[in-house]
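These are the residues of each chain, in order.
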Amino acid sequence: MLIYAPKSQQNGETRTALTPASAKKLVGLGAEVVAQAGLGELSGYSDQEYKDVGVTLVPDDSKRGEADIVLEVGTTTPALLSGQKPGSMFVGVLNPFIEGALVEAAAKANISAFSLDMMPRTTIAQKMDVLSSQANLAGYYSVVLATERLNKILPMMMTPAGTLAPAKVFVIGVGVAGLQAIATARRLGARVQAFDTRPVVEEQVKSLGAKFVKIDLGETGQTDQGYAKELTAEQLEKQRQGMAKVCAQSDIVITTAKLFGRKAPQIVTEDMVAGMASGSIVVDLAAETGGNVAGTKLDEEVITSNGVRIIGLGKLELHVPKHASQMYAANLANFLEHFWDSEEKVFGLKREDEIIEGCLMTHDGAIVHPKFSKSTEKSQ
Ligand code: NAD
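Keep in mind that what you see is a predicted model, and the values were worked out from it rather than measured.

Student: Would you explain the environment of Pro20 in this entry?
Tutor: Within the element layout of this structure, Pro20 appears in helix H1 (residues 20-28). Taking the C-alpha atoms as reference points, Pro20 and Gly40, 20 residues apart in sequence, are found 9.0 Å from one another. Discounting residues that sit within four places of it in the chain, Pro20 has contacts with Tyr45, Glu49, Tyr50 and Val53.

Below you can see the structure in the form of structure tokens.
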């Protein structure tokens, strides 16, 4: 099988879907691995490192149409998908709840498109979970970024010139990104508080040395995949009231509250931002799905009239592309390896497997994912 990794054509993308380490694994499986020269240049992997593990480099994107499997990072375009040969596979992220046109294009091009952001949240699938691997880095980087922008230091310092109090960090949303943000802020010596609508995370917050902010919202819960359920308008209002004081006392607020496949809830209102001290920092990790904070502008840093900096930069993992690529490429290689038929040396597309069922968007010219197929739409 010919596995091909192009250089990303997306503006601002710094990562790659194939690293020398993941390529080595795929070559070891018996695949022919071809990549576009320069694919790792923004993430810190040289062409020579790819050649050293047996990857054939090509100067342009002309191999896309010959490949059996195309590995992509970030998102793609309908034109790129239609450039693949019929019956081939696409492995990447289609963001299907937002980018319906990509799913349509993949079906039209008659390719089997796997969108790994749809990976089921099971133990066995963890090593293939691109959302988790990238959210982890985004959570880490949110603290690094906020720390760099803050006019204070994070740890307590007792010096002959006086004592500096530790900075106060408030993390809203304690999924993968939030947990990593808490851990990073704690390592830097901040005093950390956190809140999530899923009460099950309280223990995790405490185990990281942070305080869980208790707000009684009544019945909240989570889906069978571990994602938060949407709050009612009354619950959201209660949450805002419960948080206003904590926000006002915090030097850094990091919001990561997302709802899978839906717009993010707006949690931090204009009034709450107005209550924060000048020089405070808000990092909104939900900016790409509408933002958790009033006044967030995607891919911008906004300074409010009271001097609060709201950072709405999307995909913070793009700032640490070497590690982000290492994890993303490993997720993809683990996925291919998991289903690899070592005798035939081909990817075994087992339609009945729950991982395949969860991620396979299109096959045989049709949209086959249960959440997106036309038959599902009619029956809803
Ligand atoms: P996510 O990115 O969808 O959301 C981030 C967090 O925001 C979640 O913890 C969610 O509960 C929270 N949130 C939503 N609305 C909120 C609100 N109004 N106020 C406060 N918080 C709110 O979540 P995620 O990082 O993908 O993780 C979701 C869960 O899935 C976590 O428990 C995580 O540990 C689990 N998980 C499991 C696996 C696995 O088993 N393979 C993999 C990844 C994540």
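Student: Looking at this structure, how should I read unusual backbone geometry?
Tutor: Unusually for a residue other than glycine, Asn95 sits at a positive phi of about 50°. We classify Asn95 as partly exposed; its relative accessible area is 31%. The backbone of Asp299 sits at a positive phi, close to 65°, despite the residue not being glycine. Inspection of the secondary structure puts Asp299 in the loop between strand S13 (281-284) and strand S14 (301-303). With a relative accessible area of 52%, Asp299 lands in the exposed category.

Student: Explain the site of the ligand to me, please; I cannot follow it from the model alone.
Tutor: Not every one of the 22 residues close to the ligand is listed here, only the nearest: Ser132, Val176, Asp196, Arg198 and Gln239. Arg198 has a polar side-chain atom sitting 2.7 Å from an oxygen atom of the ligand. Surface burial for the ligand is 86%, taken as the share of its 840 Å² of free accessible area covered by protein chains. The residue makeup of the shell around the ligand, split by class, is eight nonpolar, nine polar and five charged. Residues from two domains meet in the shell around the ligand; each of domain 1 (2-128 + 320-373) and domain 2 (136-314) gives at least three.

Student: I tried to follow the domain arrangement of the protein chain on my own but got confused; where do I start?
Tutor: Accessible area lost when the parts come together is the quantity often used to give the size of an interface. You can read the domains of the protein chain as domain 1 (2-128 + 320-373) and domain 2 (136-314). Here the C-alpha centre of domain 2 lies 33 Å away from the C-alpha centre of domain 1. Facing 10 residues of domain 1, the contacting portion of domain 2 comprises six residues. Summed over both partners, the interface of domain 1 with domain 2 buries about 780 Å², with 72% contributed by carbon and sulfur atoms. Among the residues domain 1 hides against domain 2, the three largest losses belong to Phe97, Arg121 and Val320. Together they make up 60% of the total. Applying the counting criterion to the domain 1 and domain 2 interface returns one residue pair in polar contact (both at pLDDT 80 or more). Here the residues of the side of domain 1 that touches domain 2 are counted per class, giving seven nonpolar, one polar and two charged.

Definitions and cut-offs
- Residues numbered from 1 in each chain as written.
- Predicted model: local features only at pLDDT ≥ 70, side-chain atom pairs only at ≥ 80, totals over all residues.
- Heavy atoms only, no water.
- Helix = DSSP H or I, 4+ residues; strand = E, 2+ residues; numbered from the N terminus.
- Contact = heavy atoms within 4.5 Å.
- Buried < 20%, exposed > 50% of the residue type's maximum accessible area, 1.4 Å probe, protein only.
- Near = heavy atom within 4 Å.
- Polar contact = N/O pair within 3.5 Å; in protein donor to acceptor, adjacent residues only side chain to side chain.
- Areas by Shrake-Rupley, 256 points an atom, 1.4 Å probe, with all protein chains shown as cover.
- Nonpolar A, V, L, I, M, F, W, Y, C, P; charged D, E, K, R; others polar.
- Domains from an automatic or database assignment.
- Buried area = accessible area lost by both parts, 1.4 Å probe.

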